[in-house]
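Structure assessment
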Amino acid sequence: MNPFYEQQKGIFRTSIVNNLSFPEHLHTHTEFIYVMEGQALLSIGKKVYQMERGGCAIIFPGQIHSYHSSNNYRMRLFIFDTGMAASFQYQLGKLRPESPYIDSGHVHPDILLAIDRLSHIDEEEAPTLGSAWIQIILNHTFPHLKLTEKNQPESEDLTYQLILFLAEHFKETLTLEFLAKALHINKYYLSHIFSKKLHISFPQYLNHLRVDYACSAMQLTEKSLTEIWAEAGFSSQRSFNRIFREIKGMSPLAYRKTVR
């Protein structure tokens, strides 16, 4: 799974994700999901959507969302810069869908064709040909989305600020006290946000971000595991191995072999 939480450096990324479960997060790019197998729950704010095989969903930039999937879940994930959306760029930036999910019965055949083409596109083709296929997807999904104006800028929401700060700083040495000072709030109230709104503790959330970064690095680079755990923000290889196994159910070395 690609790291959703840091600022995306490329304009386009695609991957196949299995058995995805991840706490609330956000990114500045647009995210498009196509369910290949199984079922999963997509949460945006207080709303929960059940995604099933053949359905798709679109996450607008800056929306806080999470995933919870069953076993045997498999999806195709696209993350792209809004600049690739051309005439749809305004809607992605200024509007929000009441529901982001489209069931299989309303997925146009051209969407499936575009998904297939985008799955095989290379980096050089992404700015032009990739943009064309993305616009085809948006052209067929937007008529099924009831779009409304954003109620307020996400940047005014404390939970948004918290998730964004961690997205940009998760590789650093962080404590709850440091985070509370950086956001100018009481650390006990901050702990309350994690437990009541994010449904996860601060250390657990931070570990999820770091493990996901490590997974992406194993998929996309030839860096050694030592380089990867150090870059991700872990204090030692021992803690990296332990936490990785807790979250992924296997060792980092075993995981690397599955993505080669």
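See above for the structure.
Here's a quick rundown of the structure. (Residues numbered from 1 in each chain as written. Predicted model: local features only at pLDDT ≥ 70, side-chain atom pairs only at ≥ 80, totals over all residues. Heavy atoms only, no water.)

To continue, consider helix 5 (residues 176-183). Looking at helix 5, one finds that the buried residues are L176, L179, A180 and L183. Down the axis of helix 5, the sector holding all buried residues measures 100°, keeping them to one side. Of the surrounding secondary structure, the elements contacted by the buried residues of helix 5 are helix 4 (158-169), helix 6 (187-198) and helix 7 (202-220). Positive backbone phi, approximately 60°, marks H184, located one or two places after helix 5. (Buried < 20%, exposed > 50% of the residue type's maximum accessible area, 1.4 Å probe, protein only. Helix = DSSP H or I, 4+ residues; strand = E, 2+ residues; numbered from the N terminus. Arc of directions from axis to C-beta. Contact = heavy atoms within 4.5 Å.)

Turning our attention to unusual backbone geometry. Unusually for a residue other than glycine, N19 sits at a positive phi of about 45°. Structurally, the position occupied by N19 is in the loop between strand 1 (12-18) and strand 2 (22-25). Overall, the relative accessible area of 40% leaves N19 in the partly exposed class. With a phi close to 60°, H184 is a non-glycine residue in the positive phi region. Locating H184 in the fold gives a position in the loop between helix 5 and helix 6. Taking the relative accessible area as the measure of exposure, H184 reaches 73% and is therefore exposed.

Attention now goes to the sheet that holds strand 2. Pairing is antiparallel across the open sheet formed by four strands, whose spatial order is 2-7-4-5. Edge strands, defined here as strands with exactly one partner in the open sheet, are strand 2 and strand 5 (47-52). The mean angle between the axes of side-by-side strands here comes to 20°, regardless of whether they run parallel or antiparallel. (Pairing = 2+ DSSP bridges. Axes fitted to C-alpha atoms, helices over the stretch in contact; angles between N-to-C directions.)

Our focus in this paragraph is the pattern of salt bridges. Oppositely charged side chains may form a pair once their charged atoms are brought near each other. Per the counting criterion, the structure on display carries six salt bridges. A salt bridge links R53 to E37; the nearest nitrogen and oxygen atoms lie 3.7 Å apart. Highlighted residues: R53 in the loop between strand 5 and strand 6 (56-59) and E37 in strand 3 (residues 30-37), separated in sequence by 16 residues. (Salt bridge = Lys/Arg side-chain N within 4 Å of Asp/Glu carboxyl O.)

Note that R210 resides in helix 7. For R210, a relative accessible area of 8% corresponds to the buried category. Put simply, R210 and W229 are 19 residues apart on the chain and 8.3 Å apart in space, counted from C-alpha to C-alpha. With sequence-adjacent residues up to four places away left out, R210 is seen in contact with F170, K171, E172, T173, L174, A232, G233 and F234.

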